[in-house]
Every structure is written in C-alpha cells, then in structure tokens.
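The lines below spell out each chain.
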Amino acid sequence: MAATPPPGAVRPGGRTARVREAVLEAAADTLAERGFDGLDLGEIARIAGVGKTTLYRRWGTPGALAADLLQDMAERSLPRSRNGDIDRDLRDNARLVLKTLTDPRQGRLFKALIAASLCNDQAAQALRRFYAVRIDEWAGCVTDAIERGELPSGIDPRRVIAAVSAPLYYALLNTGEPLDETAADRAAAAALAAARAGALT
C-alpha cells in the first residue's frame, strides 16, 4: 500500500495547480510581511480567492502550508553552474545565495521560514529538505572538480557547498554584517581554500 503523501505534496495539474499557485503566492507574501505567526489559513484563503474548505482539506495547518511553499521553492530554484572551473562555480553559488538573501521579499521570506522552523516541526523538516535539495544540486560542481583533479579526493562535496552559504546565513541572522558581492566572494574563497586543504572531509 502506497504511503499517503504529506499535505500539499502531490504535484497537481489543471485547476488544482492554479489553486496551489495562488495559495502559495499568498502564503509567501504573508510570511514576508507578517512572519509565521501571521500565517492564518482563513486569511490566506481570502487573499488567494479559494474556499476555506479547500485550503484546510489540502494543507490543514500553517506548518504544512509553509512546508509546501519550501518544496515549491526548491523545485523552482536555478540549477547549478557548469563552468568547468570550481572557483567560478563556488562564486556563482555564493552570489546566488546572496541574491536570494538580499532580495527585499525573498530575504524576509527566508527569515520567516527559518523562524518558523524553530517552533514548528513540519516547517523544520521542510527547511531541511529544501537545503538538502539545493546542496545536492550544487555538490555536483565539487564532484566534477574532484574528477578534473582540481580538488583532492576524499573531501565531502556537500560539506563544501554548505561551507559556501554558511557565512552568508550567519551574517543575515546573527552579525548583521553587510551582505554584498565582496562577502559572497570571500565565502566562496574560504570554502575553496578549506576544500583544497582537505579540511572538508
């Protein structure tokens, strides 16, 4: 017997797809403006122009709605670079993270989703899946670099990619240091230096 998918996880088509798109758009706007505490399903239904019954039947809780939003964001994210040069690839990754975190809407949205993950298990699991999908996608750059002889074998491609974005998220959430291309390039360079030294195994 097939396992029942989590709320909002079925990839819909037709009218169902349009309903999902409208609801997720309303949820993203609300999260960016009001945070997770402002994610009221009845209000989301009103903004999206769908029936409350439909929304509650499909998602059920704010946590499930946030989880589906993260899944949608992971599916829509840009694919990894294929420059044939690990320095450029890691710089591209860092600048993509930078672009997301400094976007007025996306930056607030990510802050809200990270905050939600601290108090809601569904949001926490979805956030971990989101990062796993993105790290797995970009880890291919490191695998290719190992095969080209640019990096030592034995390093962990996923750890290298995580090391690129970690300083940028730390600046966003903790230190408040400026997030700009200099910070992104510095994060990429530090991750590359650690990888070349064999530190990220």
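Residues numbered from 1 in each chain as written. Predicted model: local features only at pLDDT ≥ 70, side-chain atom pairs only at ≥ 80, totals over all residues. Heavy atoms only, no water.

In the annotation of an unreviewed UniProt entry, the entry for the protein reads TetR family transcriptional regulator, and the organism field reads Microbispora catharanthi.

**Some thoughts on the UniProt feature "domain: HTH tetR-type" (unreviewed entry) in the protein**
Here is the rule: UniProt positions are given in the numbering used here, feature names are shortened, and annotations may be inferred rather than shown by experiment. Put simply, DSSP marks the helices as runs of H or I at least four residues long and the strands as runs of E at least two long, and each gets a number from the N terminus on.
Listed under "domain: HTH tetR-type" (unreviewed entry) in the UniProt record, and renumbered for this structure, are residues 17-77. This span, residues 17-77, is 79% helix and 0% strand, and a straight line between its end C-alpha atoms measures 18 Å.

**Focus on the pattern of salt bridges**
For clarity, the threshold we go by: When a carboxyl oxygen of Asp or Glu is within 4 Å of a side-chain nitrogen of Lys or Arg, the pair counts as a salt bridge. Each residue gets one of three labels from its accessible area relative to the maximum for its type: buried under 20%, exposed over 50%, partly exposed in between, using a 1.4 Å probe on protein chains only.
Counted under the stated rule, the structure contains 13 salt bridges. Close ionic contact of E25 with R105 constitutes a salt bridge, the shortest N to O distance being 3.5 Å. Highlighted residues: E25 in helix α1 (residues 15-34) and R105 in helix α6 (residues 104-117), separated in sequence by 80 residues. Assessed through its relative accessible area of 45%, E25 is described here as partly exposed.

**Here's the deal with the packing of aromatic side chains**
For the record, the criterion: Here is the rule: rings of Phe, Tyr and Trp (six-membered ring for Trp) pair when centre to centre is within 6.5 Å. Planes less than 30 degrees apart are stacked, more than 60 are edge-to-face, and the remainder are tilted. A ring has a charge above it when a Lys NZ or an Arg CZ is no more than 6 Å from the ring centre and no more than 35 degrees off the ring normal.
Within this structure, the stated rule accounts for 3 aromatic pairs. Ring geometry for F110 versus F130: centroids 5.6 Å apart, planes at 55 degrees, classification tilted. In this pair, F110 sits in helix α6 while F130 sits in helix α7 (residues 121-148), placing the two residues 20 residues apart along the sequence. Across the pair, exposure class does not vary: F110 and F130 are buried alike. An angle of 90 degrees between the planes, with centres 5.5 Å apart, marks the rings of Y131 and Y169 as edge-to-face. Remark: Y169 occurs in helix α8 (residues 157-175) and Y131 occurs in helix α7; sequence separation between them is 38 residues. Taken together, the ring pairs in this structure connect F110, F130, Y131 and Y169 into an aromatic cluster. Lying across the ring of W59, R58 places its NZ or CZ 5.0 Å from the centre.

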